[in-house]
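Inside the fold
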Amino acid sequence: MTVESAGLLLYRRRADIAEILLGHMGGPFWSRKDAGAWSIPKGEIESDEEPLACALREFTEELGLPAPDGPYIPLGTIRQSRKIVHAWAVEHDLDPATINPGTFTMVWPPRSGQEQDFPEVDRVAWFSPAEAGERIVAGQRELLDRWAQSVPH
């Protein structure tokens, strides 16, 4: 069964450069990784939920902030491992220090039977498109290319 998720690619303009907001994935698996450990805010689409509605909900759940108002620029869908990801770009500025990330629960350490809570994202940061390309998970790099072709910057 294919899982579908949806998310927002936030960007802002700074002087002569555009920047992209990425979140570093939370939890023990990602804690010591940097390259390939960042993602757009996204999450799994619930049954009977429209993908854009999911993207807005997940933004709020992952970052603890209201989703930005549009207009939303469709970036289409990509395949990321066993997932289909729907994404939209939206121009919006936010201060990374204001996030209040949601959490998820998992058994940690493995096979210990102990459940622990971890932040969905442990930090967010703005990156140039080139830096974002180095840090984003490989399966989402295509979204950066689509953003570069779809958004004047």
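Our structure is the block above this text.
Residues numbered from 1 in each chain as written. Predicted model: local features only at pLDDT ≥ 70, side-chain atom pairs only at ≥ 80, totals over all residues. Heavy atoms only, no water.

1. Some thoughts on unusual backbone geometry
Of note, the amide linkage connecting Gly 70 to Pro 71 takes the cis form, showing an omega dihedral of 15°. Mapping Pro 71 onto the fold places it in the loop between helix H1 (51-63) and strand S5 (73-80). Residue Pro 109 is bonded to the preceding Trp 108 through a cis peptide linkage, with omega at -5°. Looking at the secondary structure, you find Pro 109 in the loop between strand S7 (103-107) and strand S8 (115-119). Here Ala 15, not a glycine, exhibits a phi torsion of approximately 45°, which is positive. One can find Ala 15 in the loop between strand S1 (3-14) and strand S2 (17-25). The phi angle at Ser 81 is positive, at roughly 60°, despite the residue not being glycine. Looking at the element boundaries, Ser 81 is found in the loop between S5 and strand S6 (83-91). Residue Ser 81 is classed as exposed on the basis of its relative accessible area, which comes to 58%. (Helix = DSSP H or I, 4+ residues; strand = E, 2+ residues; numbered from the N terminus. Buried < 20%, exposed > 50% of the residue type's maximum accessible area, 1.4 Å probe, protein only.)

2. Notes on the pairing of strand S9 (residues 121-127)
For S9, the tally of buried residues reaches five of seven residues, placing the bulk of the element in the interior. Here S2 runs beside S9; their pairing, made up of six bridges, is antiparallel. For Leu 21, the partnering residue across the bridge sits in S9 and is Trp 126. (Pairing = 2+ DSSP bridges.)

3. Observations regarding the environment of Gly 133
Mapped onto the fold, Gly 133 is located in helix H2 (residues 129-135). Taking the C-alpha atoms as reference, Gly 133 lies 19 Å from Pro 96; in sequence the two are 37 residues apart. Once residues within four sequence positions are removed from consideration, Gly 133 is found in contact with Arg 141 and Leu 144. (Contact = heavy atoms within 4.5 Å.)

4. A closer look at the pattern of salt bridges
One pass over the full model with this rule turns up twelve salt bridges. Arg 146 is the salt-bridge partner of Glu 142, the closest N and O atoms lying 2.5 Å from each other. Of this pair, Glu 142 and Arg 146 are both found in helix H3 (residues 141-150), four residues apart, which corresponds to roughly one turn of the helix. Overall, the relative accessible area of 22% leaves Arg 146 in the partly exposed class. Residues participating in the shared-partner salt-bridge network are Glu 46, Glu 49, Arg 57, Glu 58 and Glu 61. (Salt bridge = Lys/Arg side-chain N within 4 Å of Asp/Glu carboxyl O.)

5. A closer look at H3
Working note: α-helix, 3.6 residues per turn, so residues spaced by three or four point in the same direction. Among the residues of H3, those classed as buried are Leu 143, Leu 144 and Trp 147. Along the axis of H3, the buried positions cluster into a sector of 100°, meaning they face one direction only. In this fold, the buried residues of H3 make contact with S1, S2, S5, S6 and H2. (Arc of directions from axis to C-beta.)

6. Considering the nonpolar core
Soluble globular proteins tend to pack their nonpolar side chains together in the buried interior. Counting residues in hydrophobic clusters, the biggest one holds 21 residues, and the most contacted among them are Leu 9, Ile 20, Leu 22, Ile 40, Leu 75, Leu 143 and Trp 147. At the level of elements, S1, S2, S5, S6, S9 and H3 are the ones that each hand at least two residues to this core. Non-local contacts of Leu 22, meaning those with residues more than four positions away in its chain, are made with Trp 38, Ser 39, Ile 40, Arg 123, Val 124, Ala 125, Phe 127, Ala 132 and Ile 136. The next biggest cluster of nonpolar side chains, apart from the first, holds 17 residues, and it includes Leu 10, Ile 45, Phe 59 and Leu 94. (Core = buried A, V, L, I, M, F, W, Y, C linked by side-chain atoms within 4.5 Å.)

Take it as geometry only, folks, not as evidence of what the structure does.
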